[in-house]
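# Structural overview
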Amino acid sequence: MFTEQGPTVRELAVQALSSIEHGYDLLAPKFDLTPYRTPDRVLDAVTDEVRRLGPFGTGLDVCCGTGAGVGVLRQLCRERVVGVDFSAGMLAEARAAFPPEGERPAAERPAAEGPAAEEPAAEEPAGEAPVAEGPAVDWVRADARSLPFVPAFDLALSFGAFGHFLPAERFGLFAEVYGSLRPGGQFVFPIGAPPPVGSRAYWSLLGFDAAMRVRNALWRPRFVMYYRTFRLGDVLEDLTRAGFVVRLMPLTELGRRPDGSPRARLVVATRE
């Protein structure tokens, strides 16, 4: 849900009438206060499941946004993690959330006021936990449809970004990720089960996509964001065409539907 600290209706309207890139530049400072951020329970479920597939040395977060997936990769990779996104605003927020080793995230730094702001920082009180060590983190501004990487990564993942790609672009996106992975590297992402036909969620997603199509027919620049175009069967076909060997793993931590099937699955696509 939106909060008082999140974006206003006006800010959301301006974002919705912008291009994808500029829209996210505008939304970036408040993005983590919106329901668009991937929930922690999804991040945790994916982390637990992917950990069984490791170990991993290097990781890539495709369309990293403010860095939620980078946080997952820092728990899974030993050497290096890279976040890539084409929004400068989102990357700025991500850098602030994951500062260089030895610095505290911006949200945890005490605000200095008055003369004290000009004085050298005092030593931390004894017993305060040091900043946790982890793999090196780098940030790259690039379009995911043209990734600037050689095959260097053991693990790639993505959260919540696929609705920004038209179905015709999906194969090319997957091929770019394939080309960024080492042989044996794995591309993973969660995918939810479709809502039952006629349910409230079904009509909400249908209505959102319809409104977005009308908006893009009448307004430029386009803002591509569709919820119902990322169908599992089509996704598996495009991954296979891109060269991946694909399997599905249930994300049981996220629960099951009334028929016993999982509410979400983890797609594991391997470059052999």
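Further up the page is the structure itself.
Each chain has its residues counted from 1, running along the sequence as written. Local features in this predicted model are restricted to residues whose pLDDT is 70 or higher, and side-chain atom pairs enter the listing and the counts only when it is 80 or higher, whereas totals over whole chains, interfaces and linings include all residues. Heavy atoms throughout the structure, all of them, feed into the side-chain values; hydrogens and water do not.

## Some thoughts on the side chain of Ser87
- With respect to the helices and strands, the residue Ser87 is situated in the loop between β2 (77–85) and α5 (88–97).
- Only protein chains enter the accessibility calculation, which uses a 1.4 Å probe; a residue is then buried when its area is under 20% of its type maximum, exposed when over 50%, and partly exposed in between. Under the relative-accessibility criterion, Ser87 is labelled buried at 0%.
- At 3.1 Å, the side chain of Ser87 and the backbone nitrogen of Met90 are in polar contact.
- The residues contacting Ser87, other than those within four sequence positions of it, are Glu21, Tyr24 and Asp25. Secondary structure elements are defined from DSSP: runs of H or I of at least 4 residues count as helices, runs of E of at least 2 residues count as strands, and each element is numbered from the N terminus. Counted as a polar contact is a pair of N or O atoms within 3.5 Å, where, for protein atoms, one must be capable of donating a hydrogen and the other of accepting one, and residues adjacent in sequence contribute only when both atoms are in side chains. We call two residues in contact whenever any of their non-hydrogen atoms come within 4.5 Å of each other.

## Quick notes on the packing of helix α1 (residues 9–16) against helix α2 (residues 20–27)
- Lines are fitted to the C-alpha atoms to define the axes, a helix being fitted only along its stretch in contact, and any angle between axes, read from their N-to-C directions, falls within 0 to 180 degrees. Where α1 contacts α2, the two axes come as close as 8 Å, and the packing angle between them is 160°. In terms of their interaxial angle, α1 and α2 are classed as roughly antiparallel. For the pair formed by α1 and α2, the contact residues are Leu12, Val14 and Gln15 on the first element and Gly23, Tyr24, Leu26 and Leu27 on the second.
- Looking at the contact of α1 with α2 residue by residue, the class counts come to 5 nonpolar, 2 polar and no charged. Any angle that is under 35 degrees is reported as roughly parallel, and any over 145 degrees as roughly antiparallel; angles of 65 to 115 degrees are reported as roughly perpendicular and all others as oblique. The nonpolar class holds Ala, Val, Leu, Ile, Met, Phe, Trp, Tyr, Cys and Pro. Asp, Glu, Lys and Arg form the charged class, and all remaining residues, Gly among them, are polar.

## Structural notes on the packing of aromatic side chains
- Classification of ring pairs rests on two measures: the distance between centres of Phe, Tyr or Trp rings, Trp counted by its six-membered ring, which must be within 6.5 Å, and the angle between planes, read as stacked under 30 degrees, edge-to-face over 60 and tilted in between. What the rule picks out here adds up to 16 aromatic pairs.
- A centroid spacing of 6.2 Å and a plane angle of 40° characterise the contact between Phe98 and Trp139, whose relative ring orientation is tilted. Of this pair, Phe98 sits in the loop between α5 and β3 (136–141) while Trp139 sits in strand β3; the two residues are 41 residues apart in sequence, bridging distant segments of the chain.
- Classification of Trp139 by relative accessible area gives buried; the value is 15%.
- Pairing Tyr178 with Phe244 gives two aromatic rings, centres 5.1 Å apart and planes at 85°, and the pair type is edge-to-face. Separated by 66 residues along the polypeptide, Tyr178 in helix α6 (residues 167–180) and Phe244 in the loop between α8 (232–241) and β6 (245–250) bring together distant segments of the chain.
- When its relative accessible area of 3% is taken as the criterion, Phe244 is described as buried.

## Comments concerning the pairing of strand β4 (residues 153–157)
- Counted residue by residue, β4 has 5 buried out of 5 residues, so it is predominantly covered.
- A pair of strands is labelled paired if DSSP reports no fewer than 2 bridges between them. For strand β1 (residues 56–62) and β4, the ladder comprises 3 bridges, and the chain directions are parallel. Its bridge partner being in β4, Leu60 is matched across the sheet by Ala156.
- Where β4 lies against strand β5 (residues 181–192), 4 bridges are found, and the strand directions are parallel. Bridge pairing in β5 links Phe153 to Leu181.

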